[in-house]
Amino acid sequence: MKVRDVLGRGDYALISSLIPEGARVLDLGCGDGALLAWLRENRRIEGRGIEVRPELAQRAASRGVPVYQGDLESSLGEYPDGAFDYVILSQTLQELRRPLDVLEQMLRIGKHAVVAFPNFGHWRVRFNHLLSGRAPRTPLFPHAWHSSPNIHFLTVLDFEETLVEKGWRVESRLFLSGHSQIRFAPNWRAEIAVYMIRR
Amino acid sequence: MITETQYVQFDALDLDCGETLRNLQVAYETYGRLNEQKNNAILILHAFTGDAHAAGIDHNGKQGWWDNMIGPGKAFDTNRYFVICSNVLGGCRGTTGPSSIDPATGRRYGLRFPVITIADMVRLQKKLVDHLGIRRLLAVSGGSMGGMQALEWAVSYPEAVEACIPIAATARHSAQQIAFNETGRQAIMMDPDFLNGDYPDDRPPARGLAVARMIGHITYMSDESMREKFGRRLRNREAFSFGFDIDFEVESYLRYRGQQFVGRFDANSYLYITKAMDYFDLTLGYPSLAASLERATARFLVISFTSDWLYPSYQSLEIVNALRSRNHDVTYCELTSNYGHDAFLVDIAEQTEVIRGFLDRCQREFREARA
């Protein structure tokens, strides 16, 4: 069974393709634990999650996922170095107050960090902004300026630049448009970018 | 489900204080069936004034104190699990305590009963579990003082605990918690009927014990739950009495609870058990809480409640963070409730879901590990 069919999220499908059998995985902002539960069933991983919203954390716990109910930005410091093989941050990077601190922590506690984020450089976003003269509203960024959880808007190019600045190594970069993976001109065409990086 | 309290005797128990208790009795109840592999047993640990009657209905028609959590299809599903609950050491509900007869003198122990600890309670429970032929419990769980015992189990007998579920608990009492306990103890000991613990059966230090219980009840509720339950409503009157009779509903409730408590609880047990709670400190003998919990091999599910100010969430978080710092398998949920510390007894819908899912996984992994 494909993870996309079960979970309905393309980034989950890509992420799960990166996680090998039996890995130790920490999912930051794990929601109701769907990805971790899927990985446990299908990859036999040892998973942990962090989720700040009480209802979602409880749903994750109810499906047997070892979830920590708390704010991920203030709770990564507790984990020891190298506690995990993979630390996943899926579509939350743009919502964090201090995204770089979180990435640093992810690379401290995990061998690999898997980061998925919506690409603000997508052509639809660019044209929407250019033509409407307003904060872009697209299927990927559907919120009004005042109610968006997104506080940092980054593009594929921005992230690549940060990786170079930090000296972090890219192990995989995968780009999604709709349900299809793309290779050519990702900063124009990718809706979601998925990176696997390490120190 | 009519339940029967059972009793078992043990020769001796060595205590933390250095003394040894002899000819002990433990009162316990069980629900559900122990399977052939003996790997479906869950030990439920009661809070301060609880007893072995955790579930079902006893012969007097009294419902178990956690009947909403234990039974067929409930959080601790007796169709799947074999559930055990015993009265704690120092209690007054069938297990040896200060109201028991001292075999050395033929008289009640009273204050001659040695001071006990949470670890002593757990040591006696271990004897019961051994007696039942169970080598590794699927889970230990309890709220409040029950949670402290669960933690002690996980650290003292790591080989015997697959999963640990402390609820609304702490790894050590804070100054505030000790203060409330000491106030209760002083109320009892200052009662002229206390007679240094040698009060007769029919004349316990009822006033002191009732006041202690009234204070306890305040700490078990929240400001919000008291506002909802009582507000400023008057009791059976339209206007103030301009005297010190009962004016308010909340006064009536507390007095009723206090008086009712005197009928079912022993004042000396109150002293001993609160002292055991105050002494409890999981870090004793270790450089840190994390170092202490490092001994544990159990998976943990830690639960706290938003409105619990007696055992606030920060105390649960202290446990959880110590476990996370050793990358231990731990689940933590802070459940939303207005019921204060009592939430683990009364506000059980979410608690049930979380425990059910956790136990389900633990049982699966426990079986796989054996296979």
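Residues numbered from 1 in each chain as written. Chains lettered and ligands numbered in written order. Predicted model: local features only at pLDDT ≥ 70, side-chain atom pairs only at ≥ 80, totals over all residues.

Some details on the overall build of chain B
- Looking only at helices and strands, chain B features 11 helices and 10 strands.
- Expected size for 371 residues packed as a compact globule is a radius of gyration near 21 Å; at 20 Å, chain B falls within 12% of this value.
- The burial tally for chain B puts 52% of its 371 residues in the buried class.
- For chain B, restricting intrachain contacts to residue pairs at least 6 apart in sequence, the fraction spanning at least 24 positions comes to 71%. (Helix = DSSP H or I, 4+ residues; strand = E, 2+ residues; numbered from the N terminus. Rg over C-alpha atoms; globule rule 2.2 N^0.38 Å. Buried ≥ 20, exposed ≤ 12 C-beta atoms within 10 Å, placed from the backbone. Contact = placed C-beta atoms within 7 Å.)

A word on the overall build of chain A
- Helix and strand content of chain A: 8 helices and 8 strands.
- Computed over C-alpha atoms, the radius of gyration of chain A comes to 16 Å, within 12% of the 16 Å expected from 2.2 N^0.38 for 199 residues, which places it in the range of a compact globule.
- If one aligns the C-alpha atoms of chain A with their principal axes, the spans along those axes are about 45 × 35 × 35 Å.
- By residue count, 45% of the 199 residues in chain A fall in the buried class.

Section: helix 9 (residues 313-324) of chain B
Residues and elements named next belong to chain B.
- For helix 9, built from 12 residues, the straight-helix expectation of 16 Å at 1.5 Å per residue is met to within 8% by its first-to-last C-alpha distance of 16 Å.
- Counted residue by residue, helix 9 has 10 buried out of 12 residues, so it is predominantly covered.
- Inspection of helix 9 places Ser313, Gln315, Ser316, Leu317, Ile319, Val320, Asn321, Ala322, Leu323 and Arg324 among the buried residues, and these make up the whole buried set. (Expected span 1.5 Å × (residues − 1).)

Considerations on the packing of helix 4 (residues 206-220) of chain B against helix 6 (residues 249-264) of chain B
Residues and elements named next belong to chain B.
- Put simply, helix 4 and helix 6 touch, their axes get as near as 8 Å, and they point 125° apart. Overall, the two elements helix 4 and helix 6 adopt an arrangement that is oblique. Helix-helix and strand crossings are classified by hand; for helix 4 and helix 6 the assignment is right-handed. When helix 4 is examined against helix 6, the residues Ala206, Leu209, Ala210, Val211, Arg213, Met214 and His217 are found in contact with a partner set consisting of Leu254, Arg257, Gly258, Gln259, Phe261 and Val262.
- When its residues are assigned to classes, the contact of helix 4 with helix 6 shows 8 nonpolar, 3 polar and 2 charged. (Axes fitted to C-alpha atoms, helices over the stretch in contact; angles between N-to-C directions. Parallel < 35°, antiparallel > 145°, perpendicular 65-115°, else oblique. Left-handed = near helix turned anticlockwise from the far one by under 90°. Nonpolar A, V, L, I, M, F, W, Y, C, P; charged D, E, K, R; others polar.)

Observations regarding the environment of B:Ile165
Residues and elements named next belong to chain B.
- Among the structural elements, isoleucine 165 can be located in strand 8 (residues 163-167).
- Taking the C-beta count within 10 Å as the criterion, isoleucine 165 has 32 such neighbours and is therefore assigned buried.
- Taking C-alpha positions, isoleucine 165 is 36 Å from glutamate 249, a pair spaced 84 residues apart along the chain.
- Beyond its immediate chain neighbours, meaning those up to four positions away, isoleucine 165 contacts Ala139, Ser141, Ala150, Leu301 and Ile355.

A short note on the domain arrangement of chain B
All names here are of chain B.
- Under the domain assignment, chain B is made up of domain 1 (6-173 + 280-370) and domain 2 (178-275).
- Measuring from the centre of the C-alpha atoms in domain 1 to the corresponding centre in domain 2 gives 26 Å.
- Listed as interface residues are 23 residues of domain 1 and, on the opposing side, 18 residues of domain 2.
- Counted by class, the side of domain 1 that touches domain 2 contains 11 nonpolar, 11 polar and 1 charged residues. (Domains from an automatic or database assignment.)

Quick notes on the pairing of strand 8 (residues 192-198) of chain A
All names here are of chain A.
- The element strand 8 is largely enclosed, with a buried count of 6 among its 7 residues.
- Pairing between strand 5 (residues 110-118) and strand 8: 6 bridges, direction antiparallel. Looking at the pairing, alanine 116 lines up with valine 194 of strand 8. (Pairing = 2+ DSSP bridges.)

Here we look at the environment of B:Arg356
- Take B:Arg356: it is sitting in helix 11 (residues 349-370).
- Linking B:Arg356 and B:Gly61, residues 295 residues apart in sequence, is a C-alpha distance of 28 Å.
- Filtering out sequence-adjacent residues up to four positions away, B:Arg356 remains in contact with A:Ser62 and B:Ala75.

Here we look at the interface of chain A and chain B
- Tallying the contact residues gives 15 residues for chain A and 20 residues for chain B.
- Residue assignment for the side of chain A that touches chain B shows that the elements contributing at least two residues are helix 4 (54-62) and strand 3 (67-69) of chain A.
- Here the side of chain A that touches chain B gets 5 residues from one element, more than from any other, and that element is helix 4 of chain A.
- For the side of chain A that touches chain B, the per-class residue count stands at 9 nonpolar, 4 polar and 2 charged.

What to know about the nonpolar core
- Core analysis: the largest hydrophobic core is formed by 165 residues, its most contacted members being A:Ala193, B:Ile42, B:Ile44, B:Val83, B:Val140, B:Ala154 and B:Cys164.
- Split by domain, the residues of this core number at least three in each of domain 1 (6-173 + 280-370) and domain 2 (178-275) of chain B.
- With residues near it in sequence (within four places) discarded, A:Ala193 still touches A:Ala116, A:Phe117, A:Asn119, A:Val156, A:Phe159, A:Arg173, A:Phe175 and A:Pro186. (Core = buried A, V, L, I, M, F, W, Y, C linked by C-beta atoms within 7 Å.)

Focus on unusual backbone geometry
- Phi is positive for A:Arg44, close to 55°, though the residue is something other than glycine.
- The residue A:Arg44 is located in the loop between helix 3 (34-43) and strand 2 (46-51) in this model.
- Judged by the 10 C-beta atoms lying within 10 Å of it, A:Arg44 is exposed.
- Even without a glycine there, the phi angle at B:Asn23 is positive, about 50°.
- Within the secondary structure layout, B:Asn23 lies in strand 2 (residues 20-31).
- Of the residues examined, B:Asn23 has 15 C-beta atoms within 10 Å and is grouped as partly exposed.

Some thoughts on the confidence of the model for chain B
- Averaged over every residue, the pLDDT of chain B is 97; residues scoring 70 or more account for 100%.
- Across the predicted assembly, pTM comes out at 0.96 and ipTM at 0.94. (pLDDT = per-residue confidence, 0-100.)

Let's talk about helix 1 (residues 118-131) of chain B
Residues and elements named next belong to chain B.
- The end-to-end C-alpha distance of helix 1, which contains 14 residues, comes to 20 Å, matching closely the 20 Å that a straight helix rising 1.5 Å per residue would cover.
- Of the residues making up helix 1, those classed as buried are Ile118, Ala119, Asp120, Met121, Val122, Leu124, Gln125 and Val129.
- In this fold, the buried residues of helix 1 make contact with strand 1 (6-14), strand 2, strand 3 (41-45), strand 6 (82-86), helix 2 (145-156) and helix 7 (267-279).
- Note on helix 1: the residue one or two positions beyond its end, glycine 133, has a positive phi of about 80°.

Quick look at the pairing of strand 10 (residues 330-335) of chain B
All names here are of chain B.
- For strand 10, the buried fraction is high: 6 of the 6 residues fall into the buried class.
- Neither face of strand 10 is exposed, since Val330, Tyr332 and Glu334 on one face and Thr331, Cys333 and Leu335 on the opposite face are all buried.
- Inspection of the sheet shows strand 9 (residues 299-305) paired to strand 10 by 6 bridges, in the parallel sense. The residue bridging phenylalanine 305 from the neighbouring strand is leucine 335, located in strand 10.
- For the handedness criterion, the β-α-β arrangement of strand 9, helix 9 and strand 10 is classed as right-handed. (Right-handed = clockwise from strand over helix to strand, strands pointing away.)

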